[in-house]
Structure formats: structure tokens, C-alpha cells
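Listed below, chain by chain, are the residues.
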Amino acid sequence: VRNPPPATTAVTTPTLFDVMPPSWSQVQSLHPQLWRAVCGYELNPALRDELMQDVLLAVWQALPTLRDHDRLLPFALRVAHNLGASHVRSATRSPPPVPLDLEGHDTADPTTVADADRARSEWLFEALGTLPLPLRQPLMLQLEGFDYGEIAELLGLSIDNVGVRLHRARHQLKTLQAREETTP
């Protein structure tokens, strides 16, 4: 009885998708939340896209340090908020940019937002852009569904300070909305 010849195995070169961490598809599912976080830091569409790419790259590079895969959303949003804050700090040191054409301003992620919600989300993104960074960050996280404790942990604040900042941010938004409603 002869033994069959050994089976040959084809050597394949791994593709980019073969070497990505197993949770990359989960990161892709967080795109709407990350997009909203990025929109809170940048109104210019070109710089917003660039910041989004930086955020996705940073999340991808940091994935090996993620210990608890159930905490992927807070982990990714922390990366996004840290990069967004750094982006704002560096932008304040730069010369003033060319004025933004608000008619062409599009803040909604076109793959996830229906046209009916577009006007409301555009107003919110523009209003969030008027808030100072210490008020904007906790409010953006609360809009993503995080509670006070989680926001405090993500931003390195006390729970009481998160409550104060959220109260001040909501008050400023209500004041802005009331001003716009009374303006003809």
C-alpha cells in the first residue's frame, strides 16, 4: 500500500483585512458616533474628514491596548475626544482660517441620517460648535448615551464637575435657541 503524496499548501500573502484586529468591524460600526464626535470639534468639511481619518487611525493603532472589548465605544470616543481636543488646541495657535461657507456646510453623516433629521442635527452641530471645549465635550458624550459616571471617567473629571458642565452647556444652548426663535 502506497501512501498518498503529502498535500501541498498554498502560501498566501495576508491582506490588510487578515492582519487587522478582530474588533475592527466593531470599530466600523461605531462610525456614526465617532463622526458626531469629530463634527463637534471641526466645522470645515475638509478638516473634519482629515480629523476623522486621524481618529480612525489612532483607534486602529490603539486597539491592541484595549483590554475589555465590551468597552470599545468609550475607548474609541476617548481617542476621538482626545484627538479633537488636540486639534482644537493646535487650531487656536494657527492663523485664522478662511471664512467657512455655511451654505455648503454639511454636518450629518450622509450614510446614517435621514433628510428630515438633517436640519435639527445641523442646528445642534452648529450650536455645539459655539460652546467652549470644556462644556462641549461632556455634552457630546451625554448625547451619545453616556451617564455622568462614564463621562467623568472618560474626561478625567469628578461626577459633580460633569453635572455642572452639562448644566452650563444646556443653559447656553437653551439661551441660543431662545435668541434664534425671537430673531425674525
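Anything mentioned here points back to the structure above.
Thresholds applied
Residues numbered from 1 in each chain as written. Predicted model: local features only at pLDDT ≥ 70, side-chain atom pairs only at ≥ 80, totals over all residues. Heavy atoms only, no water. Buried < 20%, exposed > 50% of the residue type's maximum accessible area, 1.4 Å probe, protein only. Helix = DSSP H or I, 4+ residues; strand = E, 2+ residues; numbered from the N terminus. Axes fitted to C-alpha atoms, helices over the stretch in contact; angles between N-to-C directions. Parallel < 35°, antiparallel > 145°, perpendicular 65-115°, else oblique. Contact = heavy atoms within 4.5 Å. Nonpolar A, V, L, I, M, F, W, Y, C, P; charged D, E, K, R; others polar.

Colleague: When you look at helix α7 (residues 133–143) in this model, what are you seeing that I'm missing?
Modeller: In terms of residue burial, α7 counts as a mostly covered element, since eight of its eleven residues are buried. Of all the positions in α7, only Leu133, Leu135, Arg136, Gln137, Pro138, Leu139, Met140 and Leu141 are classed as buried. Following α7 by one or two positions, Gly145 has its phi on the positive side, about 100 degrees.

Colleague: Can you walk me through the packing of helix α8 (residues 148–155) against helix α9 (residues 159–182) in this structure?
Modeller: Working note: a packed helix pair is described by the angle between its axes plus the distance between those axes. One way to put it is that α8 packs onto α9 with a least axis distance of 9 Å and a crossing angle of 100 degrees. In terms of their interaxial angle, α8 and α9 are classed as roughly perpendicular. Where α8 abuts α9, its residues Tyr148, Gly149, Ile151 and Ala152 lie against Ile159, Val162, Gly163, Leu166 and Arg170. Along the lines of polarity and charge, the residues of the contact of α8 with α9 split into six nonpolar, two polar and one charged.

Don't take any of this as a statement about function, it's just geometry.
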